[in-house]
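# Structural description and commentary
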Amino acid sequence: LSDLRGKVWIASFIFTHCAGSCPVMSHHLAKAQAELPVRDDLKLVSISVDPAHDTPPALAKYAAENGADRSRWLFLTGEKAAVHRLSRDTFKLPLDDSTDTIDHSSKFVLVDRNGVIRGYYDGLEMETLKQLVRDVERVLAEKS
């Protein structure tokens, strides 16, 4: 999180072998990547909710398959407990892997330069993606 301080960023929680919401979310984030300005102070951040399977090589492959510009779009993994705390406690998003499937949020989260959550957006809806792009541009224009 400290590496993202001073930047505007969009967070999403995904996993690479997801057959449900993740491919749609990643497709929509790729569309946002194409519409958003290229700036050093703007990042897209996808965090794996399945770190046991989503190794850095698996995430790199997934990033390539989704057209991610790796200078702008980060794919992160970490200790399972830390990722789950981040989802639940920091972003207030549900996450449950107590069954055979991983139930996680399909929300995108807009975070400002000060680390403050500025909005939640349905990662499965194209209309809310358009609103997210507008809101990112507005937040980028703000003074920190």
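A brief look at the structure comes next. (Residues numbered from 1 in each chain as written. Predicted model: local features only at pLDDT ≥ 70, side-chain atom pairs only at ≥ 80, totals over all residues. Heavy atoms only, no water.)

### Focus on the overall build of the protein chain
Filter applied, for reference: In this description a helix means any DSSP run of H or I spanning at least four residues, a strand means any run of E spanning at least two, and both kinds are numbered starting from the N terminus. Based on C-alpha atoms, the radius of gyration is set beside the globule rule, defined as 2.2 Å times the residue count to the power 0.38. Relative accessible area decides the class of each residue, using a 1.4 Å probe on protein chains only: under 20% of the type maximum gives buried, over 50% gives exposed, and in between gives partly exposed. The contact definition used throughout considers only heavy atoms, calling two residues in contact when any of these lie within 4.5 Å. Two residue types count as positive, namely Lys and Arg, and two as negative, namely Asp and Glu; His and chain ends fall outside the count. Charge positions are represented by NZ for Lys, CZ for Arg, CG for Asp and CD for Glu.
Helix and strand counts for the protein chain stand at four helices and seven strands. Helices and strands appear in the protein chain in the N-to-C order β-α-β-α-β-α-β-β-β-β-α. Against the globule reference of 15 Å for 144 residues, the protein chain gives a C-alpha radius of gyration of 14 Å, in line with a compact fold. Projected onto its principal axes, the C-alpha coordinates of the protein chain cover approximately 45 × 30 × 25 Å. In the protein chain, which comprises 144 residues, the share counted as buried stands at 47%. Contacts in the protein chain between residues far apart in sequence, at least 24 positions, make up 69% of those at least 6 positions apart. For the protein chain, the centre of its 19 positive side-chain charges and the centre of its 21 negative side-chain charges are spaced 6 Å apart.

### Brief notes about the nonpolar core
Heads up, the condition is: Here the nonpolar core consists of buried residues drawn from Ala, Val, Leu, Ile, Met, Phe, Trp, Tyr and Cys, with membership extended through side-chain atoms lying within 4.5 Å.
Among the nonpolar cores identified, the biggest contains 43 residues, and Ile-10, Leu-36, Phe-91, Phe-108, Leu-110, Leu-132 and Val-136 are the most heavily contacted of them. Elements supplying a minimum of two residues to this core: strand E1 (8–14), helix H1 (21–35), strand E2 (42–48), helix H2 (56–65), strand E3 (73–76), helix H3 (80–90), strand E6 (107–111) and helix H4 (126–141). For Leu-132, the residues in contact, after removing those within four places along its chain, are Ile-10, Phe-108, Leu-110 and Tyr-121.

### Some details on the pattern of salt bridges
Which entries qualify depends on this criterion: Basic side-chain nitrogens of Lys or Arg form a salt bridge, by our definition, when they fall within 4 Å of a carboxyl oxygen of Asp or Glu.
Scanning the entire structure with this criterion turns up eight salt bridges. Measuring nitrogen to oxygen at the nearest pair gives 2.8 Å for the salt bridge that ties Arg-39 to Asp-41. With relative accessibility at 17%, the residue Asp-41 sits in the buried group. For Arg-118, the salt bridge is made with Glu-142, and the minimal N-O distance between the two is 2.8 Å. Taken together, the residues Arg-118 in strand E7 (residues 117–122) and Glu-142 in the segment after H4 connect sequence positions 24 residues apart.

### Brief notes about the environment of Asp-96
The topology assignment puts Asp-96 in strand E4 (residues 95–96). The sequence separation of Asp-96 and Val-109 amounts to 13 residues, and the corresponding C-alpha distance is 18 Å.

### Looking at the packing of aromatic side chains
Here the distance between the centres and the angle between the planes together describe a pair of aromatic rings. This is how the line gets drawn: Only Phe, Tyr and Trp rings are paired, with Trp represented by its six-membered ring, and only when their centres lie within 6.5 Å; those with planes under 30 degrees apart are stacked, over 60 edge-to-face, the remainder tilted.
The final tally for this structure, using the stated rule, is four aromatic pairs. These aromatic residues form a ring-pair network of at least three members: Trp-9, Phe-13 and Phe-91.

### A look at H2
Stated precisely, the cut-off is as follows: As used here, the arc belongs to the directions running from the helix axis to the C-beta atoms.
Where H2 is concerned, the buried positions are Leu-59, Tyr-62 and Ala-63. Seen along its axis, H2 keeps its buried residues to an arc of 100°; they face one direction. With respect to the buried face of H2, the exposed residues turned more than 90 degrees away are Pro-57, Lys-61, Ala-64 and Glu-65. Elements that come into contact with the buried residues of H2 comprise E1, H1, E2 and E3. Gly-67, located one to two residues past H2, shows a positive phi value of around 70°.

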